[in-house]
Amino acid sequence: MCETPKSGDLLDWYDQNARAMPWRTAPADRKAGHLPDPYRVWLSEVMLQQTTVAAVRGYFLRFIELWPTVVDLAKADDAAVMGEWAGLGYYARARNLLKCARAVANEHDGAFPTTHAELLKLPGIGPYTASAIASIAFDRPETVVDGNVERVMSRLFAVQTPLPAAKPVLTDLAAKLTPSERPGDYAQAVMDLGATICTPRNPACGICPWINACQARSSGIAASLPRKTPKKAKPTRFGIVYLGRREDGAWLLETRPSKGLLGGMLGWPGTEWTVEAQAETPPCPADWQDPGGEVRHTFTHFHLILEIRVAVLPRENPQDRGHFVMPSDFRPSDLPTVMRKAFDLASSAMAMD
DNA sequence: TATTCGTGGGT
DNA sequence: TACCCAAGAAT
């Protein structure tokens, strides 16, 4: 038989094992009444959506350096924010980040709302992020349910229903465990537990503060939970991108439409990406050459094989698409990863700089 | 409810 | 290599 899990046992563990992060206030400081900056909590939580702490850290520090407050961010140029987000993925987050910053600056006097319901109205803030901000930044007793919490609850209560169907049940179980004391620390504690001990594979049950309360552990099935419904196979799509350079060195680039894949990001003009090989569709007439090689990249729901073409473009070429960017203004780091791969391939194949 | 939407690291 | 996965939201 198992004990009833106690939130206090987890908080005691967290007091000793909380991981330091740039956006986080240590448990001792929180107990002294020092809550973290809501702007930093919001920014970090949006960056952390479906993204690892290791990947986020550098981006977070850079954003804070460039835009120390939400009002600063609200005044930033779209292209600057999208460029700084490049490489982090899920670019709708960056578009909504700006919308949200401007809403907070213009409609909330630069102060984030403090309740779950008000936070939920803002762009890019869903149920998880609203709970995270309300609990972590404002110590409200809201329940965070992310992938970590789903895994911890499914094991603690041996929930056999596969995800995502089990989500409502797991949310209910998590809510009933959430304490009214130290809700901010508790939220971070459950997620830390899932990230460091109650891991997807090889959970470290021997050092878990809830070992005596865990039903899956007592049944020996912890590592097999949570169950998940099978995923669909990824199809492969094909496309061509065109890396054109004017005689004065300027690159022909385009800002992609603000909706859909890589929306709002800088990229090379090219064909659509489809399951059938694409016919040549250059952005302007030129002597396009194939330098050889291909870019392979995998998105969430398809594999992509991309061919590249390169050309020197005449100075007075009436291009149909895109805009020219001088080398002094071109930062490959502004490109989403698949576009940066194309640039790297062209650079190595042509040995051009 | 199901799909769309990135990327890099781990196994 | 080929998966799996990560502090989800929008549609």
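Chain A appears in an unreviewed UniProt entry as Adenine DNA glycosylase from Boseongicola aestuarii. Turning to chain A, the UniProt record has this under Function (unreviewed entry): "Adenine glycosylase active on G-A mispairs. MutY also corrects error-prone DNA synthesis past GO lesions which are due to the oxidatively damaged form of guanine: 7,8-dihydro-8-oxoguanine (8-oxo-dGTP)." You can read under Catalytic activity (unreviewed entry) in the UniProt record for chain A the words "Hydrolyzes free adenine bases from 7,8-dihydro-8-oxoguanine:adenine mismatched double-stranded DNA, leaving an apurinic site."

A. Region of the structure containing the side chain of R245. Structurally, the position occupied by R245 is in strand β1 (residues 236-246). Its relative accessible area of 17% is what places R245 among the buried residues. Polar contacts involving the side chain of R245 include one to the main-chain carbonyl oxygen of G249, which spans 2.8 Å.

B. Main features of helix α14 (residues 337-350). Here α14 contains 14 residues, and its C-alpha end-to-end distance of 20 Å stays within 8% of the 20 Å for a straight helix at 1.5 Å per residue. Elements that come into contact with the buried residues of α14 comprise β1, β2 (251-255), β3 (266-267), β4 (295-298) and β5 (303-313).

C. Quick look at the pattern of salt bridges. Throughout the structure, instances matching the rule amount to 23 salt bridges. Between R19 and D192 there is a salt bridge, with its nearest N and O atoms 3.8 Å apart. Of this pair, R19 sits in the loop between α1 (7-17) and α2 (27-31) while D192 is found in helix α12 (residues 183-196), placing the two residues 173 residues apart along the sequence. Overall, the relative accessible area of 2% leaves D192 in the buried class. Ionic pairing is found between R331 and D334, a salt bridge with its closest N-O pair at 2.8 Å. Judged by its relative accessible area of 36%, R331 is partly exposed.

D. Here's a closer look at the nonpolar core. With 101 residues, the main nonpolar core has W42, M153, W210 and W268 as its most contacted residues. Among the elements that take part in this core, helix α7 (residues 92-107) stands out by supplying eight residues, more than any other. A domain-level breakdown of this core finds at least three residues from each of domain 1 (7-224) and domain 2 (236-350). Not counting the four nearest positions on each side in its chain, M153 is found in contact with A158, V159, L170, L173, A174, L177, Y186, V190 and W210.

E. Fine view of the protein's contact with DNA strand C. Around DNA strand C, 23 residues are found, and the nearest of them are Q50, G124, D146, N148 and P200. For DNA strand C, the fraction of atoms within 4 Å of the protein that belong to sugar or phosphate moieties is 66%. The separation between a phosphate oxygen of DNA strand C and a polar main-chain atom of Q50 is 2.6 Å. In this structure, D146 approaches DNA strand C through a side-chain N or O atom, which is 2.5 Å from a sugar or linking oxygen. Among the secondary structure elements, those contributing two or more residues to the surface near DNA strand C are α9 (127-138) and α10 (147-156). Of the residues belonging to the surface near DNA strand C, the class tally is nine nonpolar, eight polar and six charged.

F. Region of interest: the protein's contact with DNA strand B. Not every one of the 20 residues close to DNA strand B is listed here, only the nearest: L262, H297, T300, H301 and T337. Across the atoms of DNA strand B situated within 4 Å of the protein, the share located in sugar and phosphate is 60%. A distance of 3.0 Å separates a base nitrogen of DNA strand B from a polar atom in the side chain of T51. In the environment of DNA strand B, a base nitrogen lies 3.5 Å from a nitrogen or oxygen atom belonging to the backbone of L88. At the level of elements, β4 and α14 are the ones that each hand at least two residues to the surface near DNA strand B. When residues of the surface near DNA strand B are assigned to their parent elements, the largest contribution, three residues, is made by α14. In terms of residue class, the surface near DNA strand B is made up of eight nonpolar, 10 polar and two charged.

What counts and what doesn't
- Residues numbered from 1 in each chain as written.
- Chains lettered and ligands numbered in written order.
- Predicted model: local features only at pLDDT ≥ 70, side-chain atom pairs only at ≥ 80, totals over all residues.
- Heavy atoms only, no water.
- UniProt positions renumbered as here; feature names shortened; annotations may be inferred.
- Helix = DSSP H or I, 4+ residues; strand = E, 2+ residues; numbered from the N terminus.
- Buried < 20%, exposed > 50% of the residue type's maximum accessible area, 1.4 Å probe, protein only.
- Polar contact = N/O pair within 3.5 Å; in protein donor to acceptor, adjacent residues only side chain to side chain.
- Expected span 1.5 Å × (residues − 1).
- Contact = heavy atoms within 4.5 Å.
- Salt bridge = Lys/Arg side-chain N within 4 Å of Asp/Glu carboxyl O.
- Core = buried A, V, L, I, M, F, W, Y, C linked by side-chain atoms within 4.5 Å.
- Domains from an automatic or database assignment.
- Near = heavy atom within 4 Å.
- Nonpolar A, V, L, I, M, F, W, Y, C, P; charged D, E, K, R; others polar.

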